[in-house]
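# Observations on chain architecture
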Amino acid sequence: MYRLAGFVAGAYLVVFGIIGFATTAGDSFTGHTGDRVLGQSSNMLWSIISVVIGALMLLGAAIGRNIDVVVNKYLGWALLVVGSFAMATIRTDANFFGFSMSTVIVTYLVGLLMIAIGLYSKVAPAAEAGAPRQVREGRAS
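Being a predicted model, the structure only gives us computed values, none of them experimental.

This part covers unusual backbone geometry. A positive phi angle, close to 65°, is found at Asn66, a residue other than glycine. Mapped onto the elements, Asn66 comes out in the loop between α2 (44-63) and α3 (67-88).

Structure, rendered in structure tokens:
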């Protein structure tokens, strides 16, 4: 279930990035362009970054084997950092991602979703599955 949620979030970012790439093709690479994609502001730089992050999420979900846990956790924190930077610079010239407040909110939501998925989707090896932690560590319960 959690890998599926990570896959859906990654697919959303890929779709957003591809549509944003097509929409902002003639505009400047950075800065606020005024173009809206799926209700969010976008520019060429953020579209490319969204495709890369979404593709990494899809790859992690497809591989599994706890690689998706690491990918989701770190990319989720990266999205929170980018969202915080964008919110701090939203009305300045330093807003080179071209974020609007709706883009910040979606970035936060996807980042928090990825962190939560990373925290809950870890799977124990088959040899240790089902054993209580005390038994795995060799202690009496």
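Counting through the fold element by element, Ser41 comes out in strand β2 (residues 40-41). Within the structure, the side chain of Ser41 is placed 3.3 Å from the side chain of Ser100, a separation counted as a polar contact.

There is a patch of nonpolar side chains on the surface, built from Phe21, Phe29, Ile48, Val52, Leu56, Leu59, Ile63 and Ile67 and spanning about 670 Å² of accessible area. The element that contributes the greatest number of residues to the nonpolar patch is α2, accounting for 5 residues. Considering the arrangement of structural elements, one finds Leu59 in helix α2.

What follows is about helix α1 (residues 2-23). In this model α1 runs 31 Å from its N-terminal to its C-terminal C-alpha over 22 residues, within 8% of the 32 Å that 1.5 Å per residue would give. Along α1, the residues classified as buried are Gly6, Ala9, Gly10, Leu13, Val14, Phe16, Gly17 and Gly20. For α1, the angular spread of buried residues about the axis comes to 165°, placing them on one side. Turned more than 90 degrees off the buried face of α1, the exposed positions are Leu4, Val8, Ile18 and Ala22. As for α1, its buried residues are in contact with β1 (36-37), β2, α2, α3 and α4 (101-120).

Here is what the cut-offs are and how they apply
- Residues numbered from 1 in each chain as written.
- Predicted model: local features only at pLDDT ≥ 70, side-chain atom pairs only at ≥ 80, totals over all residues.
- Heavy atoms only, no water.
- Helix = DSSP H or I, 4+ residues; strand = E, 2+ residues; numbered from the N terminus.
- Polar contact = N/O pair within 3.5 Å; in protein donor to acceptor, adjacent residues only side chain to side chain.
- Patch = residues over 30% accessible without salt bridge, like charges linked within 9 Å, V, L, I, M, F, W, Y side chains within 5 Å.
- Areas by Shrake-Rupley, 256 points an atom, 1.4 Å probe, with all protein chains shown as cover.
- Salt bridge = Lys/Arg side-chain N within 4 Å of Asp/Glu carboxyl O.
- Expected span 1.5 Å × (residues − 1).
- Buried < 20%, exposed > 50% of the residue type's maximum accessible area, 1.4 Å probe, protein only.
- Arc of directions from axis to C-beta.
- Contact = heavy atoms within 4.5 Å.

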